[in-house]
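Examination of the molecular architecture
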Amino acid sequence: MDPLKPLIDNLNAEGRPRIWSLVITVFGDSVQHRGGRIATARLSRLLGRIGVETGAVRTALSRLSQDGWVEGKRSGRTSSYTLTDRGLQEFGPATARIYAPPRQRPVGEWVFDWPGVEGALRLGQGSLRPAPVTDTPGGLRMTGTLTGDAGTQVRASLDPYHAIALERMAQDLTALSGIDASPLDAAAARLLLVHRWRRLVLRWPEVPAELMPEDAAPRDLRRAMAEAYKHLAPAAEAWLDTADGEMPAMPPAGPDFSLRFGGLQTP
């Protein structure tokens, strides 16, 4: 059985994948720390592993180029793409949120604001987030601890689409648990995992482990994501080092790569 089938099926279950969005994920996760440029042949090989046809990749690159996100270059028989200045400007804040390290200690105190604030978990007209916070309250603010089944109630009040996204993220992480992948498979698995993670953390506030159901597996999604990423990284990076025909090896990884999720070094 294809070890990536559960993740591919999960992606396709949401409807026809947006290939241009997958391309952006590739740039953020596998290109920017490797010199910022990727050969079209490598991009097609990677996306082809998850079922994306070469023609669809070309269409996505054409759209991104017309929209000012990427620009192409040809050298002999090899074509490649890099992000434009506009594309680079979008990556800074997003990268920081995507690869932030897991929380080291449980949340002890929480801040409830009414009316709710942007970037916090919505609770009716209010919002909840871990303390401390540094902004000035615009209305009622209370700081304290959660007791009893408060976590269950908070979780139940999430946007239904947010709840589904959390469940599918957990499914992907479970499917990849302990996977022994080839270099290309590891690169493709990392792409699928980061693509789902990127859409989750950039669209909704993060749900701390304390607010996840007791029977959720895993409860701490960021920590599980960091562990899965660390497991896949060596083989995935080895594939980026590989040269094959019109797919030249990519430049060595920059120093920032090892800092993702708080550090990828093996203890």
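Structure first, text after, so check above.
Structure report, in brief. None of these values were measured; they are calculated from a predicted model. (Residues numbered from 1 in each chain as written. Predicted model: local features only at pLDDT ≥ 70, side-chain atom pairs only at ≥ 80, totals over all residues. Heavy atoms only, no water.)

1. Let's talk about the overall build of the protein chain
- A count of helical and extended segments in the protein chain gives nine helices and seven strands.
- In summary, the protein chain has a C-alpha radius of gyration of 20 Å against a globular reference of 18 Å for 267 residues, a match within 12%.
- On the principal axes, the C-alpha backbone points of the protein chain span a range of 65 × 40 × 40 Å.
- Looking at the 267 residues of the protein chain, the share that counts as buried comes to 44%.
- Sequence-distant contacts, at least 24 apart, represent 72% of the contacts inside the protein chain between residues at least 6 apart.
- Total accessible area on the protein chain stands at roughly 14,000 Å², and carbon and sulfur atoms take up 52% of it. (Helix = DSSP H or I, 4+ residues; strand = E, 2+ residues; numbered from the N terminus. Rg over C-alpha atoms; globule rule 2.2 N^0.38 Å. Buried < 20%, exposed > 50% of the residue type's maximum accessible area, 1.4 Å probe, protein only. Contact = heavy atoms within 4.5 Å. Areas by Shrake-Rupley, 256 points an atom, 1.4 Å probe, with all protein chains shown as cover.)

2. Quick look at the packing of helix α1 (residues 5-12) against helix α8 (residues 183-203)
- At a minimum axis distance of 10 Å, the contact between α1 and α8 shows a crossing angle of 35°. In this structure, α1 meets α8 at a crossing whose hand is left-handed. The segment α1 lies against α8, with L7, I8, N10 and L11 engaging A189, L192, L193, H195, R196 and R199. (Axes fitted to C-alpha atoms, helices over the stretch in contact; angles between N-to-C directions. Left-handed = near helix turned anticlockwise from the far one by under 90°.)

3. As for the pattern of salt bridges
- All told, the structure shown has 20 salt bridges when counted by the stated rule.
- Close ionic contact of D113 with R129 constitutes a salt bridge, the shortest N to O distance being 3.1 Å. Separated by 16 residues along the polypeptide, D113 in strand β4 (residues 110-114) and R129 in strand β6 (residues 126-130) bring together distant segments of the chain. No difference in accessibility class separates D113 from R129, as the two residues are buried.
- Note that R141 and D135 form a salt bridge whose closest N and O atoms lie 3.3 Å from each other.
- Since its relative accessible area comes to 33%, D135 is described here as partly exposed. (Salt bridge = Lys/Arg side-chain N within 4 Å of Asp/Glu carboxyl O.)

4. Focus on the packing of aromatic side chains
- Applying the stated criterion to the full structure yields four aromatic pairs.
- Between the aromatic rings of Y99 and Y229, the centroid separation amounts to 5.9 Å while the plane-to-plane angle is 65°, which identifies the pairing as edge-to-face. One end of the pair, Y99, is in the loop between α5 (85-98) and β4; the other, Y229, is in helix α9 (residues 221-240), with 130 residues separating them in the sequence.
- Classification of Y99 by relative accessible area gives buried; the value is 7%. (Phe/Tyr/Trp six-rings, centres within 6.5 Å; stacked < 30°, edge-to-face > 60°.)

5. Describing the sheet that holds β6
- The sheet built from four strands is open, its strands ordered β5-β6-β4-β7 with antiparallel pairing. Each edge of the open sheet is held by one strand with a lone partner, namely β5 (121-123) and β7 (140-144). Between one strand and the next, the sheet's axes are offset by a mean angle of 25°, whatever the strand orientation.
- Taken together, the three bridges between β5 and β6 define a ladder with antiparallel strand orientation. Looking at the pairing, R122 lines up with S127 of β6. (Pairing = 2+ DSSP bridges.)

Honestly, that's just the spatial picture; any functional story needs more than this.
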